[in-house]
Each structure stands twice: as structure tokens, then as C-alpha cells.
Amino acid sequence: MQDKRSIGSTIARLRMETGLKQNKLSTILSMSPSNVSNYEHEVYWPDLGTLCKIADLFHVTTDYLLCRTDLRYSPEVLEKYFSADPSFCSILNTLLALDMASLDAVARYADFLKYSQVRSS
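Residues numbered from 1 in each chain as written. Predicted model: local features only at pLDDT ≥ 70, side-chain atom pairs only at ≥ 80, totals over all residues. Heavy atoms only, no water.

Caption draft 1: Looking closely at the overall build of the protein chain. The helix and strand inventory of the protein chain stands at 8 helices and 0 strands. Reading the secondary structure of the protein chain in the N-to-C direction produces α-α-α-α-α-α-α-α. Overall, the C-alpha framework of the protein chain stretches about 45 × 30 × 25 Å when taken along its three principal axes. In the structure as shown, the protein chain presents an accessible area of about 8300 Å², 59% of it carried by carbon and sulfur atoms. Considering the protein chain, the positive charge centre built from 13 side chains and the negative charge centre built from 14 side chains are found 7 Å apart. (Helix = DSSP H or I, 4+ residues; strand = E, 2+ residues; numbered from the N terminus. Areas by Shrake-Rupley, 256 points an atom, 1.4 Å probe, with all protein chains shown as cover. Lys, Arg positive; Asp, Glu negative; His and termini not counted. Charge placed at Lys NZ, Arg CZ, Asp CG, Glu CD.)

Set out below in C-alpha cells:
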């Protein structure tokens, strides 16, 4: 798992990745904006029901939100990608064949693409 990752920072990062403001997220979750802020600043944690809603909204597992794993997606979600798109398997096989320095370069480039996409939205 990543160092310095916490439930609050994870919620904030997912919210920003999708371009949501705290006000919009609070509306979606039917709560006050201060609740979202309190989650992100870890004044307190979301209850189990809210945690599940947040995981569903951002298409991640609750284990990912709780920092129990670095894997964002459940095996069921990944399986859908594998069965629906043969190029996904090809990409994964290519990644598995790379050395660590190359994997790091791919990860940095993927992050660049992801954040470029969010900014252009």
C-alpha cells in the first residue's frame, strides 16, 4: 500500500479526479458540505452506509477507501474488462513483461493522461 494515504485523502483525491466540488458531492450523498469536509480532513469517518455510497459513486471498493488495498477495482469489475475487450488483456500482458523502471514510466504517463483529461473536461 502507498505511504501517507488515508481515507480522507483518498476521498478528496477521488472527488478531485472526477471534478466534483465538495458541495456537489454533499448533494449527491444527501448531506451537508461540512460533512464531506470533515471526512476529507478526518475529523470523523463516514458511517458504513455512506462509505458504501462513496465507493459506488467512484467505482472503487470499500477496501480501497479504507486503504486496505491499492487496487481500486473489484475482481468482478476487472473481469468485465477482460471479457469485453481483448485489448485489455494485451495491455495487461505487456505491462507484466516490463521491468520496474518501465512500469514506473508507464504509471507516470497514465497519471499525466488522467489529469490532462480531468482538466480538459
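Caption draft 2: Just the nonpolar core, in detail. Counting residues in each nonpolar core, the largest one holds 16 residues, and the members touching the most others are Ile11, Leu14, Leu25, Ile54, Phe58, Val60 and Leu65. Every element with two or more residues in this core is listed here: α1 (7-17), α3 (33-40), α4 (48-58) and α5 (62-65). Looking at this core, the element that brings in the most residues is α4, giving 4 residues. Sequence-distant contacts of Leu25, defined by excluding residues within four places in its chain, comprise Ile11, Arg15, Leu20, Val36, Leu57 and Phe58. (Core = buried A, V, L, I, M, F, W, Y, C linked by side-chain atoms within 4.5 Å. Buried < 20%, exposed > 50% of the residue type's maximum accessible area, 1.4 Å probe, protein only. Contact = heavy atoms within 4.5 Å.)

Caption draft 3: Examining the packing of aromatic side chains more closely. A complete count under the given rule lists 2 aromatic pairs for this structure. Pairing Tyr39 with Tyr44 gives two aromatic rings, centres 5.6 Å apart and planes at 85°, and the pair type is edge-to-face. Taking the relative accessible area as the measure of exposure, Tyr44 reaches 33% and is therefore partly exposed. (Phe/Tyr/Trp six-rings, centres within 6.5 Å; stacked < 30°, edge-to-face > 60°.)

Caption draft 4: Quick look at the layout of surface pockets. Considering only enclosed or pocket space, the largest pocket measures out at about 1500 Å³ in volume. In terms of lining, the largest pocket is formed by 29 residues, of which the most central are Arg72, Tyr73, Leu95, Ala110 and Lys114. The set of elements that each furnish at least two residues to the lining of the largest pocket consists of α1, α6 (75-84), α7 (86-96) and α8 (100-120). Looking at the lining of the largest pocket element by element, the count peaks at 8 residues for α8. Its residues placed into classes, the lining of the largest pocket shows 19 nonpolar, 3 polar and 7 charged. (1 Å grid on protein atoms, 1.4 Å probe; cavity = no way out; pocket = protein on both sides within 12 Å on 5 of 7 lines; lining within 4 Å. Points joined across faces, edges and corners; volume = space filled by probe spheres on them. Nonpolar A, V, L, I, M, F, W, Y, C, P; charged D, E, K, R; others polar.)

Caption draft 5: Seen up close, α3. Listed in full, the buried residues belonging to α3 are Val36, Tyr39 and Glu40. Summarising the axial view, the buried residues of α3 lie within an arc of 95°, below the 170-degree limit, and thus occupy one face. Summarising the contacts, the buried residues of α3 are in contact with α1, α2 (22-28) and α4. Directly after α3, the chain includes Glu42, whose backbone phi takes a positive value near 55°. (Arc of directions from axis to C-beta.)

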